[in-house]
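Coordinates in review
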Amino acid sequence: MSDAQYGRETERTYERAGFGAPVRRGSRPAIIVVDLTRGFTEPGFPSGADLTEVVDATGELIAAARPADVPVVFTAISYTPAEATGDAVTWLHKAQGMRSLVEGSEEVALDPRLPRAPQDHLIVKKGASAFFGTSLAALLTGLGCDTVLVCGATTSGCVRATAVDAVQSGFSVLVPRECVGDRATGPHEANLFDIQAKYGDVIGVKEAVGYLDGLPRTAP
């Protein structure tokens, strides 16, 4: 584990604490695409930013996963009108801009540039983690998965929360750096540092594609 922008003293502190060891790469991974919906990938929406490069890199990763029949799970935050305008979802008192993520709206639609296929899964969630209050852990267990590659947005919010819950649910976590994004560089980099230190391996998309390329191919 190393990130020079935080200084050698930070590196020494984390190394002394025993953080940053590599995770196991399993033989049955899944790709979790966290909240790459238009409300997050397009700058015209309140919660959005231009995540074109993240969408493109995630598409590359998904394409590499298809020959080995790696499961792909998309997630989307979507609120009912009552949830979006009321007090039932405590998170929305803090994250007011996300009240626009109303079911049926443009904001909650998956980015159309993503290569979604009929066999892919979709998890609708109300909170940051793709695991909290959803069937994701049961789905991954049912699929026989042992490793997850976490992509999506935002790095400092839903991606980090998903990575934390994934490892706590017993899955090895890989986060391809080019496949995650945020509204600002500072939170993005700080949370990649934290994920690498404690929860998973932050890797390049080329390494992630190489890992997928090494899996057994399924019959056509």
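For the structure itself, look to the data block above.
The paragraphs below set out a description of the structure included in this document. Every residue gets a number counted from 1 within its own chain, in the order that chain's sequence is written. Totals for whole chains, interfaces and linings use all residues, but because this is a predicted model, local features are given only for residues with pLDDT of at least 70 and pairs of side-chain atoms are given and counted only at 80 or more. Excluding hydrogens and water, the side-chain values take into account all heavy atoms of the structure.

**Focus on the overall build of the protein chain**
Strands are runs of DSSP state E lasting at least 2 residues, helices are runs of H or I lasting at least 4, and numbering of each runs from the N terminus. Tallying secondary structure elements over the protein chain gives 9 helices and 7 strands in all. Projected onto its principal axes, the C-alpha positions of the protein chain cover 50 × 45 × 30 Å. For the protein chain, the residues scored as buried account for 51% of the 220 residues in total. Pairs of residues are marked as contacts when any of their non-hydrogen atoms sit within 4.5 Å. Considering only intrachain contacts with a sequence separation of at least 6, the fraction spanning at least 24 residues in the protein chain is 76%. Put simply, the protein chain shows about 9900 Å² of open surface, and 54% of that area lies on carbon and sulfur atoms. Only four residue types enter the tally: Lys and Arg on the positive side, Asp and Glu on the negative side, with His and both chain ends excluded. A charge is said to be at NZ when it belongs to Lys, at CZ for Arg, at CG for Asp and at CD for Glu. Between the mean site of the 20 positive side-chain charges and the mean site of the 27 negative ones, the protein chain shows a separation of 4 Å. Each residue's exposure class comes from its accessible area (1.4 Å probe, protein chains only) as a fraction of the maximum for that residue type: buried when under 20%, exposed when over 50%, partly exposed otherwise. The method behind every accessible area is Shrake-Rupley, applied with a 1.4 Å probe, and residues are considered shielded solely by the protein chains displayed.

**Some points on unusual backbone geometry**
Cis geometry marks the peptide bond from Ala153 to Thr154, where omega comes out at -15 degrees. In this fold, Thr154 is placed in the loop between β4 (147–153) and α7 (155–168). The backbone of Asp35 shows a phi angle near 55 degrees, a positive value even though the residue is not glycine. Looking at the secondary structure, you find Asp35 in the loop between β1 (29–34) and α2 (38–41). Take Asp35: its relative accessible area is 0%, and that puts it in the buried class.

**With respect to the pattern of salt bridges**
Salt bridge, as used here, is a side-chain nitrogen of Lys or Arg placed within 4 Å of a carboxyl oxygen of Asp or Glu. One pass over the structure, following the stated rule, counts 14 salt bridges. The partner of Arg113 in a salt bridge is Asp111, with the nearest N and O atoms 2.7 Å apart. Judged by its relative accessible area of 2%, Asp111 is buried. The closest approach of N and O atoms between Asp213 and Arg217, which form a salt bridge, is 3.3 Å. Using a relative accessible area of 41% as the deciding quantity, one classes Asp213 as partly exposed. Put simply, Arg25, Asp201 and Glu207 are held in one network by salt bridges that share partners.

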